[in-house]
Amino acid sequence: MLDKTYRPADVEAKRYDAWENSGAFAANADSNATPYTIMMPPPNVTGSLHMGHALTFTLQDILVRYHRMRGDDALWQPGTDHAGIATQMVVERQLAAEGKTRHDLGRAAFIDKVWQWKAESGGTITRQLRRLGASPDWERERFTMDQGLSEAVAKVFVTLHKQKLIYRDKRLVNWDPKLHTAISDLEVESREVQGHLWHFKYPLENQPDRFITVATTRPETMLGDTAIAVHPEDERYRDLIGGHAILPLVGRRIVIVGDEYADPETGSGAVKITPAHDFNDFEVGRRHQLEMINVLDRDARIIDDAIIPEAYRGLDRYEARKRIVADMEALGLLERIEPHTHMLPHGDRSGMVIEPWLTDQWYCDAVTLAQPAIKAVEEGRTVFVPKQWENTYFEWMRNIQPWCISRQIWWGHQIPAWYGPDGAVFVEETEDAAKAAAEAHYGAPTDLTRDPDVLDTWFSSALWPFSTLGWPNQTKELERYYPGDVLVTGFDIIFFWVARMMMMGLHFMGDVPFRHVYIHALVRDERGQKMSKSKGNVIDPLNLIDEYGCDALRFTLAAMAAQGRDIKLAVGRVEGNRNFATKLWNAARYCEMNGCVPVPGFDAQAVKLTANRWIAGEVAKTAARTAEAIEAYRFNDAAGALYQFTWNTFCDWYLEFTKPILNGDDEAAKAETRATTAWVLDEILHLLHPFMPFITEELREQLGGGTGTGGTGLIRAAWPVFGPEMEDAAAQAEMDWVVRLISTVRTVRSEMNVPAGAQIPMLLKDAGTETARRLDTHRDLILRMARLSSADTTTEPAPKGAIQAVLDEAAVLLPLAGVIDIDQEKARLRKEIDKLSGEVAKIDQKLNNANFVSRAPEEVIEEQRERRATAEAGRAKLTEALARLASA
RNA sequence: GGGCGAUUAGCUCAGCGGUAGAGCGUCUCGUUUACACCGAGAGGGUCGGCGGUUCGAUCCCGUCAUCGCCCA
């Protein structure tokens, strides 16, 4: 016997272990089934499960479980990425607690330490994924630093280098002065900062009394100024172009150039140009062949060098700023200071203000690699869902910049490049190969030094769709599971990852890495705010699982995952779906109590009773609707269809319809109904399983389901598919009539304040033969559900004082003379009549419109006529009833 | 400044050329032996404003307003 309520905590861990241990999650590369592949976006190894993970992995799990049930050979490839900077920071923090830095350990020992950390703490997120019920093929779990994946990285690097798609270049990078590494554009976030605009006067050469005013937000970089730019059309400065100014404090002669970058509307219209410390200035510098003078070191301090006036050497950038402003003021060269709000780049990991800095780095020619990736989406070989995200993808891909892939950290894939004593570079997959190349080059064995830098973590993530399958080896997995069917992720990762997988996949595999990219929403709090620790509005999915059960959380997320809209998660919704789980549990309990156990070989199409034929059709419709919705990534529609069918159709109506049968003495009818009920419940468990895997699996086992599936559980059971012959239109119309009759009586009773407990008689007047037959067939359940003492047809005029309502051609009479309040009934009838009159008038307005009648489709006009006739007939009946009441 | 999206019941959201829907909340009634984490019923919306297309617009187009996000 089932417990009175479902207790998720007792079930979840046990169920999950059983699935995992039985190999239910495993793909089978040797099977004949159609492969279905999802590459799990590898969470950061330092991460822990947050709401965004909960959403994305729930949706992926729904897809995977669904396809598994459809008989596909489903591969959901799990793993984590090594998160270079984040992981290194975690371990460095541990060291700091011991008063050490990574330099105290040295590179090799530090890397050992990171691996040690990974072994101890790196499994957090994958453990938490199990609590979410995620069912990836854990046996195939990969880590981006695994040997195989690292070999893939080396191979890709060397190949791209030989193809000149990876090269070394001296460019401005986003330099993090705290972490001492370059970071990519994507790892930089702009934040609005209240700053100042300092207006400096630079004296013109040979005209000691004339000045040109420049405005800057960064006075300290003036030490590296090599030009002043004015707009070529700007009348104020036209004569100065080609002339020179003298850089105050430094005394350097700098040229005045005409360049459209200078905006005449901003500040004075003239800008100082520091090509080594500003991305825009860098471009101006390139256009005018300006000297690039680096004035900052890796800590963003002013360098200690002869080109810098002694007073500023070694100063922190902000200290230098103060001093320079003060000194300029002392010289009378500070024209004015105005408050200025602007966007400043910050490192997303360190939070430091990023310093554009001129360094040697490795670059990937993203511009070239992007072209096939753009084309693939244009041609629909990869389709984004919802489609509008393709714009975001195109926008970024068409304006892509060279990708700086080197990082000055230790944890990651060390760049496979070795340098000879003269700086010649040998890029090879192994040290031996590099030595051989060097020997060939120098004509003798030569000592080489390996490039100390490592690659951007996203470089290895970009290879995930094929490196995890064994590439560069031509494995059967690679053959079978590439390209994947769908990538599921949030929009914030389109640039970081989706775009780069597209580039690498196309380049190395010759095909897109996935056919669909489903972009889901961001999870926000119930007020629409982004969840963040600093705001304190973070909802921990694990807490929700503890409190409401995993299935409730999963179902909620699916039900709210409407396309193109963020999810504002309110805990109340999870609670509501916990109630749904309880409802299902109790329905199952009811089935159990009534002996509704699955009957082997049961054929839903062969049932005879109308209610059973009807529910079978409803099951078929729901199964089809759910499948269709899942396949279209309309998870909310799928969840909605299941919720409605389970709670409303099955629990509220079908189980109530059949109670009189189960309590009656027609044994054949009882047997059929028990079997049907058990079957419907079992189908519900199947359909809900991808969404609510735990409770469905638990119920199925406890109810002794699983007949015909060899007892391997719902997770391996077949998804229900039915033909159109399951739907019986006549049964549907009949049960629909029963529902409407009961609802009508209930409404009228409630409106007329008939006590809920009172059993009253009902008469159907003017009922046609079909209606009369239906009433006969279903009398027992109608009596029960409408709380009636009798239900008969009549041809007599309505008794005096009867309440009246209309149902199709018949009048529903509740003879309650003396019990009801006549005035109240009159008022009710008038209200109904007014409503119907309004409808008739509205339809007449349409039908009297010649344009409508001539231009609208025939079926629309016909529908309006029918609606009018129905409303008119109803109105006539109620008007008559009102007249009788008035005369009484 | 450029782009994208949103605006529908008190709240959170579906829907989408031809009768405005759900869940939660509210109100009323209810120990009808599966379920009070429940059942029955009700109330509640000129579908952001203004134009246009159309026989017909919550839906399509334009515009404005407000809010949000991304990019500069």
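Residues numbered from 1 in each chain as written. Chains lettered and ligands numbered in written order. Predicted model: local features only at pLDDT ≥ 70, side-chain atom pairs only at ≥ 80, totals over all residues. Heavy atoms only, no water.

The name an unreviewed UniProt entry assigns to chain A is Valine--tRNA ligase, from the organism Skermanella stibiiresistens SB22. Looking at the Function (unreviewed entry) heading of the UniProt record, one finds this comment for chain A: "Catalyzes the attachment of valine to tRNA(Val). As ValRS can inadvertently accommodate and process structurally similar amino acids such as threonine, to avoid such errors, it has a 'posttransfer' editing activity that hydrolyzes mischarged Thr-tRNA(Val) in a tRNA-dependent manner." Quoted straight from UniProt, the Catalytic activity (unreviewed entry) entry for chain A says "tRNA(Val) + L-valine + ATP = L-valyl-tRNA(Val) + AMP + diphosphate". (UniProt positions renumbered as here; feature names shortened; annotations may be inferred.)

A. Fine view of the sheet that holds strand S20 (residues 449-450). The 3 strands are arranged S19-S18-S20 in an open sheet whose pairing can be described as antiparallel. The sheet terminates laterally at strand S19 (425-427) and S20, the two strands that pair on one side only. With 2 bridges joining them, strand S18 (residues 417-419) and S20 adopt antiparallel strand pairing. Residue pairing for S20: Tyr 419 is matched across the bridge by Thr 449. With respect to the sheet, helix H12 (residues 431-442) is in contact with S18 and S19, its orientation differing from that of S19 by roughly 140°. (Pairing = 2+ DSSP bridges. Helix = DSSP H or I, 4+ residues; strand = E, 2+ residues; numbered from the N terminus. Contact = heavy atoms within 4.5 Å. Axes fitted to C-alpha atoms, helices over the stretch in contact; angles between N-to-C directions.)

B. Quick peek at the sheet that holds strand S29 (residues 810-815). Spatially, S27-S26-S29-S28 is the arrangement adopted by the 4 strands of the open sheet, whose pairing is mixed. The open sheet has two free edges, formed respectively by strand S27 (788-794) and strand S28 (802-807), since each of these has just one partner strand. In this sheet, neighbouring strand axes are inclined to one another by 20° on average, regardless of whether the strands run parallel or antiparallel. The sheet contact formed by strand S26 (residues 760-765) and S29 spans 3 bridges and is antiparallel. Considered in S29, the bridge of Lys 765 is made with Ala 811. Sitting on the sheet, helix H25 (residues 729-751) is in contact with S26, S27, S28 and S29, with an inclination near 150° to S28. On the sheet, helix H29 (residues 858-887) packs against S28 and S29 and is oriented at approximately 175° with respect to S28.

C. The arrangement of the pairing of strand S9 (residues 227-230) in detail. Every second residue of S9 is oriented toward a common face, with Ala 227 and Ala 229 on one face and Ile 228 and Val 230 on the other, all of them buried. With 4 bridges joining them, S9 and strand S11 (residues 253-258) adopt parallel strand pairing. Pairing of Val 230 across the sheet is with Gly 258, part of S11. Sheet topology note: the S9/strand S12 (residues 270-273) ladder contains 4 bridges and is antiparallel. Considered in S12, the bridge of Ile 228 is made with Lys 272. (Buried < 20%, exposed > 50% of the residue type's maximum accessible area, 1.4 Å probe, protein only.)

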